[in-house]
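As a plain string of letters, each chain reads:
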Amino acid sequence: MLLSVRDLQTHLHLKRGVLRAVDGISFDVAEGETLGLVGESGSGKTLTGLSLLRLLPKGSGRIVGGSIKLDGQELTTLSESALARDIRGRKIAMIMQDPMTSLNPVFSIGDQVGSPLRNHDIARGAALRSAVVDVLQRVRLPSPADRLGDYPHQFSGGQRQRIVAAMAIGCTPRLLVADEPTTALDVTIQVQIINLLRTIQADTGAGIILITHDLGVAASLCRRIAVMYAGQIIETGPVRAIYRTPSHPYTKALLAAIPRLGAKRTRLVAIAGQPPSLIDPPSGCRFAARCTQRMDKCAEAPPTVTLSDGHSAACWKLV
Amino acid sequence: MTAMLELADLTKHYRTKHGVVRAVESVSLRVEPRTTMALVGESGCGKTTIAKMILQLEQPTSGAIRFEGQDIATMDRAALRAYRRQVMAVFQDPYSSLNPRLRVGTIIAEPVLAHERKSRAELAKIVAEVLDVVGMPANAARLYPHEFSGGQRQRIAIARALALRPRLMVLDEPVSALDVSIRAQILNLLADIQTEFGLTYLIISHDLALVEHFSSDVAVVYLGSLSEAGPTEQVFATPQHPYTQALLAAVPLPDPDHVLSEAAAMGEIASAMNPPPGCRFHPRCPHAMDICRTTPPVLTGAPHAAACYLPPHALRDAC
């Protein structure tokens, strides 16, 4: 297995208390596979991605338990210097949501796309320049050789996201973490970036973790989906199982709450209330307070029930 | 019947040091009472500029905005005051549209105080009433915006817009900053108050599924001009403009068996500073002909209109 995460717990130590942002999640990503981490803001999906790279908020964020194995190598016990040298940007790279803030406005794009290659001693001098041009060509930036000296503001939003992708794939990482890579983009540009991620994967065989709140984008890119709610994975399975036979009441409710193009117009089924605070989360099922099928038993933490091959959900209804 | 709102050849140009930005170019639209008109298009297409002109946050370069038949440019002070209390807005981000230093009760009472003399008790009654309409407890009035979640803040913004019982509401991306599970709550609320108070909506959104679900009429804006307009059902069922078709084809559906059209993955929006001659969409259009490159097409057809030289049936066959 390319990536194996077991019982990962990441806490944020805030003034108000300890926020259990990621609370015991487990998942695998195989080579060449795309896993969608789907959930709402605050569900812990971004902090899961940042935990893999150990890019947690300085001072407050800490991995307090569990294991992260990349190609069998344990990452949670690796020293910061070894992680920076061998893993971050080299074997695991990240594409952030907003290309405007993930690019530095005062450095040329040639400089920025080249920096991971320089830092990891992959290329220097003329070889570096041609490697940068090559990777910008792979993300289909028009006439890259002429634009190495240009700055981020001289590009459109879609082009900037291509440049961010180029930075991420320069060192041919084994795993790409794409955090809402299309959210800041218009739909016609979104399709281009979705296609780009597919091409990158076909070319490099990298595993991809797609972090998104958009069930449409997840369906179009992912082979498997893990649905997160309040710091936990509440349902996981092959993409078809999740969309055709969703089993956790939260997954069902989420799919019923979005308007669908071409569907008959009916009143949307809203999910009442809001997610619980993760500083002092409920001890039982975290969705129970909003669940229409709540039972007495839901005051206890639900077991994870296997429904079919690779499809499981944590709900008392399924026991 | 007089339209609630009519835009006639509405145009807005901005002079900048680099040249003239043609943000809105000769847009004509009718919004009938108690209907919902949606403006859709990519970022930078001018849809928000149109809304700003209606709200008098921008002055049109030329053209007219008529509210119940009366041109707002020729209204006297009293008529303008009356206009302003009948037209309200709800903005995208409830984190920036509510003053963090004011209590919710004060926020909601502000527009009322701007227009009417009211005693403290009368104001409190109005605030309690609108809070109830939007599904918030009366004691929310004493709290500050930061004490509420995003969805609750958007309810407060809606309550503020409702306080003067307006007739027309401009909704600028009213749910795009909210989480999926909260969006449905707010959309249902907006639908309910529209029926209850007989409101007319002008909604701006880039989310086509939402627009199909929520609006009765739709206008597709491309680089400041209308490329297609008509009853939502007709436009979505038989889109006539290649741009509308591309937009619809680009929407990723929450269905793993839906294949995103590659045809949608074309080029990027041109600059409004130097819009292409002829049809502004022609550089991205797969069906562009010679005439499209020289002479802008006119929006024709009723009630379903499109600005395209291709006859609708030819387009259907081509796709």
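Model, not experiment: these values are computed from the prediction.

Description of the packing of aromatic side chains
Step number 1: In the structure shown here, the tally under the stated rule is eight aromatic pairs over all chains.
Step number 2: Between the aromatic rings of B:Tyr201 and B:Phe214, the centroid separation amounts to 5.9 Å while the plane-to-plane angle is 15 degrees, which identifies the pairing as stacked. Placement of B:Tyr201 in strand E8 (residues 200-205) and of B:Phe214 in helix H7 (residues 208-214) is noted, with a sequence separation of 13 residues between them.
Step number 3: A network of ring pairs unites the aromatic residues A:Tyr229, A:Tyr250 and A:Phe287 as a single cluster.
Step number 4: Positioned above the aromatic ring of B:Tyr14 is the side chain of B:Lys12, whose terminal nitrogen or guanidinium carbon lies 5.0 Å from the ring centre.

A word on helix H7 (residues 187-204) of chain A
Step number 1: The first and last C-alpha atoms of H7(A) sit 26 Å apart over 18 residues, in line with the 26 Å expected at 1.5 Å per residue.
Step number 2: With 13 of 18 residues buried, H7(A) lies mostly within the body of the structure.

Here's the deal with the pattern of salt bridges
Step number 1: In the structure shown here, the tally under the stated rule is 27 salt bridges over all chains.
Step number 2: Across the pair A:Arg88 and A:Glu80 runs a salt bridge whose closest N-O atoms are separated by 3.1 Å.
Step number 3: For A:Glu80, a relative accessible area of 43% corresponds to the partly exposed category.
Step number 4: With a shortest N-O distance of 2.8 Å, A:Asp121 and A:Arg124 are connected by a salt bridge.
Step number 5: Linked by salt bridges that have partners in common, A:Arg240, A:Arg244, B:Asp255 and B:Asp257 make up one network.

A closer look at the nonpolar core
Step number 1: Membership of the largest hydrophobic core comes to 167 residues, with the highest contact counts inside it found for A:Leu3, A:Leu136, A:Leu175 and B:Met169.
Step number 2: For A:Leu136, the residues in contact, after removing those within four places along its chain, are A:Ile109, A:Val113, A:Leu141, A:Pro144, A:Leu148, A:Ile163 and A:Ala166.
Step number 3: Membership of the second largest hydrophobic core comes to 34 residues, among which are B:Val31, B:Ile50, B:Ile65 and B:Phe67.

Here we look at the pairing of strand E1 (residues 3-14) of chain A
Residues and elements named next belong to chain A.
Step number 1: Note that E1 and strand E4 (residues 61-70) share eight bridges and pair antiparallel. Paired with Gln9 across the two strands is Gly65, which belongs to E4.
Step number 2: As defined by bridge partners, E1 adjoins strand E2 (residues 17-29) across nine bridges and the pair is classed as antiparallel. Considered in E2, the bridge of Leu3 is made with Val29.
Step number 3: Taking the residues that link successive antiparallel strands as the turn, the E1-E2 hairpin has two residues.

Some words on the sheet that holds strand E11 (residues 305-306) of chain B
Residue and element names in this part refer to chain B.
Step number 1: With mixed pairing, seven strands are arranged side by side in an open sheet as E6-E7-E8-E3-E9-E10-E11. This sheet does not close on itself; its edge strands, each paired only once, are strand E6 (87-90) and E11.
Step number 2: Seen against the sheet, helix H1 (residues 47-54) touches strand E3 (36-40), E6, strand E7 (168-172) and E8 and runs at an angle of roughly 150 degrees to E8.
Step number 3: Along the sheet, helix H5 (residues 150-162) makes contact with E6 and E7, crossing E6 at roughly 175 degrees.

About the cut-offs
Residues numbered from 1 in each chain as written. Chains lettered and ligands numbered in written order. Predicted model: local features only at pLDDT ≥ 70, side-chain atom pairs only at ≥ 80, totals over all residues. Heavy atoms only, no water. Phe/Tyr/Trp six-rings, centres within 6.5 Å; stacked < 30°, edge-to-face > 60°. Helix = DSSP H or I, 4+ residues; strand = E, 2+ residues; numbered from the N terminus. Lys NZ or Arg CZ within 6 Å of the ring centre and 35° of its normal. Expected span 1.5 Å × (residues − 1). Buried < 20%, exposed > 50% of the residue type's maximum accessible area, 1.4 Å probe, protein only. Salt bridge = Lys/Arg side-chain N within 4 Å of Asp/Glu carboxyl O. Core = buried A, V, L, I, M, F, W, Y, C linked by side-chain atoms within 4.5 Å. Contact = heavy atoms within 4.5 Å. Pairing = 2+ DSSP bridges. Axes fitted to C-alpha atoms, helices over the stretch in contact; angles between N-to-C directions.

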